[in-house]
Amino acid sequence: MNRVLSVVIFVVVSIGAAILLMPEQKQSISYTVASPEEGPLSLNRYCPPGFSQDDEGNCFFESMYANYTSIQGSGLGGLKDGLPEIRDGFNAKVIDLGRFLFFDPILSKDGVMSCATCHDPKKGFSDGIDRSFGVHGEKVARSSPSLWNVGFLDRLFWDARSNSLEEQAEGPLFAADEMGNSPEVLLKDMNANSTYSRLFIEAFEGRDGDMIELDQIVHALTAFQSTLVSFNSRYDQYALGYHEALNKNEIEGLNLFRSFVARCSECHTPPLFTNKQTAVIGTPITQGLPYDVGAEETYKEPTMRGAFKVPTLRNIAKSAPYMHAGQFSKLRDAVEFYNKGRGHAVPKDQTVRVHWHIWEPNLKQNEIDRLVDFLGTLTDESFMPKTPVQVPSGLAMVSSDEFQSKMMNKQTGKPQIAQSVVTTGKR
Ligand code: HEC
Ligand code: HEC
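The structure displayed is predicted, hence computed values, not measured ones. (Residues numbered from 1 in each chain as written. Chains lettered and ligands numbered in written order. Predicted model: local features only at pLDDT ≥ 70, side-chain atom pairs only at ≥ 80, totals over all residues.)

Novice: Sorry, what's going on with the overall build of the protein here?
Specialist: Within the protein, the regular secondary structure consists of 14 helices and 7 strands. Classification of the 427 residues of the protein by burial places 46% in the buried group. (Helix = DSSP H or I, 4+ residues; strand = E, 2+ residues; numbered from the N terminus. Buried ≥ 20, exposed ≤ 12 C-beta atoms within 10 Å, placed from the backbone.)

Novice: Is there a simple way to explain the sheet that holds strand β2 (residues 58-61) in this structure?
Specialist: Remark on secondary structure: sheet strands pair via backbone hydrogen bonds, oriented parallel or antiparallel. In spatial order, the strands read β1-β2-β3; together these 3 strands make up an open sheet with antiparallel pairing. Two strands bound the open sheet, and with one partner strand each, they are β1 (51-53) and β3 (90-91). The sheet contact formed by β2 and β3 spans 2 bridges and is antiparallel. When the sheet's bridge partners are listed, Asn58 is paired in β3 with Asn91. (Pairing = 2+ DSSP bridges.)

Novice: Got a minute to help me understand the site of ligand 2 in this structure?
Specialist: Neighbouring ligand 2 are 26 residues, the closest being Cys264, Cys267, Thr283, Tyr322 and His324. Elements with a minimum of two residues in the shell around ligand 2: α10 (264-267) and α12 (331-337). (Near = placed C-beta within 6 Å.)

Novice: What should I look at first to understand the packing of helix α2 (residues 92-103) against helix α7 (residues 214-225) in this one?
Specialist: The packing of two helices is summarised by the inter-axis angle and the distance between the axes. Running from N to C, α2 and α7 cross one another at 100°; their axes reach a closest spacing of 7 Å. With respect to each other, α2 and α7 are oriented roughly perpendicular. Judged by residue contacts, Val94, Ile95, Leu97, Gly98, Arg99, Leu101 and Phe102 of α2 engage Ile217, His219, Ala220, Leu221, Ala223 and Phe224 from α7. Tallied by class, the residues present in the contact of α2 with α7 amount to 10 nonpolar, 2 polar and 1 charged. (Axes fitted to C-alpha atoms, helices over the stretch in contact; angles between N-to-C directions. Parallel < 35°, antiparallel > 145°, perpendicular 65-115°, else oblique. Contact = placed C-beta atoms within 7 Å. Nonpolar A, V, L, I, M, F, W, Y, C, P; charged D, E, K, R; others polar.)

Novice: It is not clear to me how α7 should be interpreted in this structure. Could you clarify?
Specialist: An α-helix turns once per 3.6 residues; consequently, residues spaced three or four apart project the same way. Here α7 contains 12 residues, and its C-alpha end-to-end distance of 17 Å stays within 8% of the 16 Å for a straight helix at 1.5 Å per residue. Most of α7 is tucked away, with 9 of its 12 residues classed as buried. If you check which residues of α7 are buried, you get Ile217, Val218, His219, Ala220, Leu221, Thr222, Ala223, Phe224 and Gln225. (Expected span 1.5 Å × (residues − 1).)

Novice: Help me out: how do you make sense of the site of ligand 1 in this one?
Specialist: Among the 29 residues in the neighbourhood of ligand 1, the closest are listed as Cys115, Cys118, Phe157, Trp158 and Pro172. In terms of residue count, the dominant contributor to the shell around ligand 1 is helix α4 (residues 165-174) (5 residues).

Novice: Can you help me understand the confidence of the model for the protein in this one?
Specialist: Close reading of the predicted structure is inappropriate where its pLDDT is low. Residues at a pLDDT of 70 or more form 85% of the protein, whose mean pLDDT is 87. The low-confidence segment residues 16-39, where pLDDT is below 50, has 41 contacts with residues more than four positions distant or belonging to other chains. The model gives residues 413-427 a pLDDT under 50, and that stretch makes 33 contacts with residues more than four places away or in other chains. (pLDDT = per-residue confidence, 0-100.)

Novice: What should I look at first to understand the environment of Gly98 in this one?
Specialist: Here Gly98 lies in helix α2. Judged by the 26 C-beta atoms lying within 10 Å of it, Gly98 is buried. Excluding residues that lie within four positions of it along the chain, Gly98 makes contacts with Ala220, Leu221, Ala223 and Phe224.

Novice: Help me out: how do you make sense of the nonpolar core in this one?
Specialist: One recurring pattern in soluble globular proteins: nonpolar side chains tend to sit buried together. By size, the foremost hydrophobic cluster in this structure holds 100 residues, and its most contacted members are Leu97, Leu101, Ala220, Leu221 and Leu371. Tallying contributions element by element places α2 first for this core, with 8 residues. Excluding residues within four positions of it along the chain, Leu97 makes contact with Leu43, Leu199, Phe200, Ala203 and Ala220. (Core = buried A, V, L, I, M, F, W, Y, C linked by C-beta atoms within 7 Å.)

Novice: Looking at this model, I keep getting lost on unusual backbone geometry. Mind explaining?
Specialist: Most peptide bonds adopt trans geometry, and most residues besides glycine take a negative phi value. The omega angle of the peptide bond from Pro270 to Pro271 is 0°, so this bond is cis rather than trans. Tracing the backbone through its elements, the reader meets Pro271 in the loop between α10 and β4 (278-280). Note that the residue after Ala320, namely Pro321, is joined by a cis bond; omega there is -5°. As for its position among the elements, Pro321 is in the loop between β6 (307-309) and α12. In this structure, Asp110 takes a positive phi of about 60° despite not being glycine. Take Asp110: it is sitting in the loop between α2 and α3 (115-118). For Asp110, a count of 11 C-beta atoms within 10 Å corresponds to the exposed category. Even without being glycine, Phe157 reaches a positive phi, approximately 75°.

Novice: Is there a simple way to think about the packing of α4 against α7 in this case?
Specialist: As a packed pair, α4 and α7 sit with axes 9 Å apart at the nearest point and diverge in direction by 110°. By the criterion of interaxial angle, the relationship of α4 to α7 is roughly perpendicular. The hand of the α4/α7 crossing is right-handed. Of α7, the residues touching α4 (which contributes Leu165, Glu166, Ala169 and Glu170) are Val218, His219, Leu221, Thr222 and Gln225. The residue makeup of the contact of α4 with α7, split by class, is 4 nonpolar, 3 polar and 2 charged. (Left-handed = near helix turned anticlockwise from the far one by under 90°.)

Novice: Is there a simple way to explain helix α9 (residues 248-258) in this structure?
Specialist: Along α9, the positions that sit buried rather than exposed are Gly253, Leu254, Leu256 and Phe257. The arc that holds the buried residues of α9, viewed along the axis, is 165°, so those residues lie on one side. Facing away from the buried side of α9 by more than 90 degrees, the exposed set consists of Lys248 and Asn255. Where α9 is buried, its residues touch α10 and α13 (365-375). (Arc of directions from axis to C-beta.)

Novice: What is the right way to read the environment of Ala169 from this model?
Specialist: Relative to the elements of secondary structure, Ala169 occurs in helix α4. On the basis of neighbour counts, which here come to 25 C-beta atoms within 10 Å, the residue Ala169 falls in the buried class. Counting along the chain gives 53 residues from Ala169 to Thr222, while the straight-line C-alpha distance between them is 8.0 Å. For Ala169, the residues in contact, after removing those within four places along its chain, are Val218, Leu221 and Thr222.

Written as structure tokens, this is what we have:
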């Protein structure tokens, strides 16, 4: 490994470690380290912050949690549980290529939107509305999940219908109601773009004349998304030994979260804040939409009717509205849902088996507030990737706000966000 590279890696790793160890560090900060050569038309050959680099330029996730093991590798939710396996080992240049692709509208039909239009870094890699608008301005059935720490997941989509990021990416790209593209058009457009041709050859060490292939596009998107890690929150500082990182209210919230009364951590298990399973919690339906059967469809299993993926709660304060169809616009409402009685929101005409950890905790109003306080300590965007200044296609990047206002004008001229929620049964 050349010396410059070693120095850069050393700096990146030391800063990562320092953040986790530094007691006075309470706010998350952003870095420019590891992107010394940032420029729209060349690929960064250094790994993103939080990753170390080997001689071949491949990037490996580094975390203090590696010092903690968990029983049977699954974790019991204590402060000293380890993390599950992450997808890593991707080449730095491939990761950076994935970053350009993620922000580039060339991936969609007629170049109207990119992945980042629905997974906007400014909105916790979600899009701030209940259900996303697709390429034609119709709302899709579900809400856009945050992509923070998505590299740890092996069940993707709200109904867990995909098992890998590669498989997942083809969903939005070619779904008529999302990005609306086709493999033929996508590959034609990509191969007609000389900048991309050059960058793909550089990233994948191809030869002149090599054509861009779909699996390379999907691989690069996977590589980039796997680097969206967030483990420097105030909660992490607390869990890793700095007691003052959380205040009294937040510690009370953490204790409620872990308690056998609230039972949150049995599904939202630290440190990932998901046990990577699916569960039926009995969320309300959105007015005008048919009942979403969730994972029943995926597994062809009636007991999983209404089951959804347990989402991570990291950066949860950033990704409102909440639940699979954005049923709750405020975090407090999403938390209070658990206190309103088991199955209270399940439509009367539906028979679902609500998970046994969902029950009647009878939390006081101030305890609900403490849970919300605690969830706020899970915010950390210090490893936020840079939004490119310009994307290789030369198309203008499309933010979630721009796209949504265009789609809302197109429809009725009125905002459609935050539809009211139907709750049936007792409240
Ligand atoms: C039209 C808005 C939209 C666009 C564009 C879009 N997504 Fe999504 N994405 C969603 C929605 C909505 C879901 C949830 C769908 C579901 O669960 O049925 C989702 C789910 C995902 C998931 C699963 C996350 C999880 O935790 O289960 C990943 C990963 C993802 N998208 C990545 C991408 C990538 C990569 C692109 C670009 C190729 C992209 N998305 C483009 C809206 C979008
Ligand atoms: C039985 C497992 C289980 C338990 C226990 C549980 N959750 Fe959840 N949680 C889920 C599932 C599944 C979802 C997604 C449901 C949906 O979208 O319909 C969810 C969603 C959420 C969301 C919204 C996340 C997002 O990205 O939109 C929040 C916030 C949340 N839970 C907080 C809590 C809190 C606080 C507790 C304890 C009071 C708790 N959960 C207990 C399984 C659980």
